[in-house]
Amino acid sequence: MATIGIADLLTPARVIPQIRAADKCELLDALAMHLAADSGLSKEALVAAAAVTADLPPLMLRGGVSLFHTVAAGLTRPIAVFARLRKPLSLGGFGDCDTDLVAFLVSPADTRGDHLRALACLARRLRRTDVLAHLRATKCRDVMYLILTSDEWRASQVKMPSSSNASRHFRI
């Protein structure tokens, strides 16, 4: 796989608008459950793969965003799940900032290059402040997927006229 886009990693079904978790283990368990349906692996196999890196702090991209990643035998391509936590959690990352947005990436164990490309793809998208603001502002799974996978939502944003032109367009 030469280039990887977020649409290659996510589906709308693997974008979770609100997820509850009391701690890191419960969060990884819930994320693994969502990945299991599309990965061909059992939830237990994904949890076991996550356990290898569970004691490490997640990759903290920006305030409130964490990215968990691991490899697992039996996958044919990288796969990810994205979620917004109902209540932010302290996951022990850099600066110990509470996390409210999380991604979990699992890649085939034998394709480390694809894993790094997928990790970089997610990290680039999730470090953008405009993307994060819009992800936090919506509760709709499909809108979240669109924000994560494309920039079409940016073109559809309504631009307000400047104040000097406002009187021509609106009665003030």
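If you're wondering where the values come from, they're calculated on a predicted model, not measured in any experiment. Note on numbering: residues in each chain are counted from 1, in written sequence order. Given that the model is predicted, a residue must reach a pLDDT of at least 70 before its local features are reported, and side-chain atom pairs must reach 80 or more before they are shown or counted; all residues, however, enter totals for whole chains, interfaces and linings. Each side-chain value is derived from all of the structure's non-hydrogen atoms; neither hydrogens nor water enter the calculation.

A few points about the side chain of Thr 70
(1) Moving on: The numbering of helices and of strands both runs from the N terminus, where a helix is a DSSP run of H or I of at least 4 residues and a strand a run of E of at least 2. Inspection of the secondary structure assignment puts Thr 70 in strand β3 (residues 65–72).
(2) Moving on: Partly exposed residues are those whose accessible area sits between 20% and 50% of the maximum for their type, while under 20% is buried and over 50% is exposed, using a 1.4 Å probe and protein chains only. For Thr 70, a relative accessible area of 6% translates into the label buried.
(3) Moving on: For the purposes of these results, a polar contact is taken to be a pair of N or O atoms within 3.5 Å, where, inside protein, one atom must be able to donate a hydrogen and its partner to accept one; residues adjacent in sequence count only when each atom of the pair is a side-chain atom. One polar contact links the side chain of Thr 70 to the main-chain carbonyl oxygen of Ala 49, over a distance of 2.8 Å.

Comments concerning the pattern of salt bridges
(1) Moving on: A pairing counts as a salt bridge when a side-chain nitrogen of Lys or Arg comes within 4 Å of a carboxyl oxygen of Asp or Glu. Throughout the structure, instances matching the rule amount to 7 salt bridges.
(2) Moving on: Between Asp 38 and Arg 14 there is a salt bridge, with the nearest N and O atoms lying 2.7 Å from each other. Residue Asp 38 is located in helix α2 (residues 24–39), and its partner Arg 14 is located in the loop between α1 (6–9) and β1 (15–19); the two are separated by 24 residues in the primary sequence.
(3) Moving on: Here Asp 114 ties to Arg 117 by a salt bridge, and the two come within 2.6 Å at their closest N and O atoms. With Asp 114 and Arg 117 both in helix α4 (residues 112–126), this residue pair falls 3 residues apart, about one helical turn.
(4) Moving on: Asp 114 sits in the buried class, given a relative accessible area of 11%.

So, the nonpolar core
A general feature of soluble globular proteins is that nonpolar side chains tend to end up buried together.
(1) Moving on: Grouped together as the largest cluster of nonpolar side chains are 26 residues, with contacts concentrated most on Ile 19, Leu 27, Leu 31, Phe 104 and Val 106.
(2) Moving on: When contributions to this core are tallied by element, the ones reaching two or more residues are β1, α2, α3 (43–54), β3, β4 (79–90) and β5 (98–108).
(3) Moving on: A per-element tally of this core places α2 first, with 7 residues.
(4) Moving on: When residues no more than four places from it in sequence are discounted, the contact partners of Val 106 are Leu 35, Leu 46, Thr 70, Val 71, Ala 72, Leu 75, Arg 77, Pro 78 and Ile 79.
(5) Moving on: Residues Phe 82, Leu 105, Val 131 and Ile 147 belong to the second largest nonpolar core, which totals 24 residues. Grouping buried Ala, Val, Leu, Ile, Met, Phe, Trp, Tyr and Cys residues that are joined through side-chain atoms within 4.5 Å yields what is termed a nonpolar core. It only takes one pair of heavy atoms within 4.5 Å for two residues to be counted as in contact.

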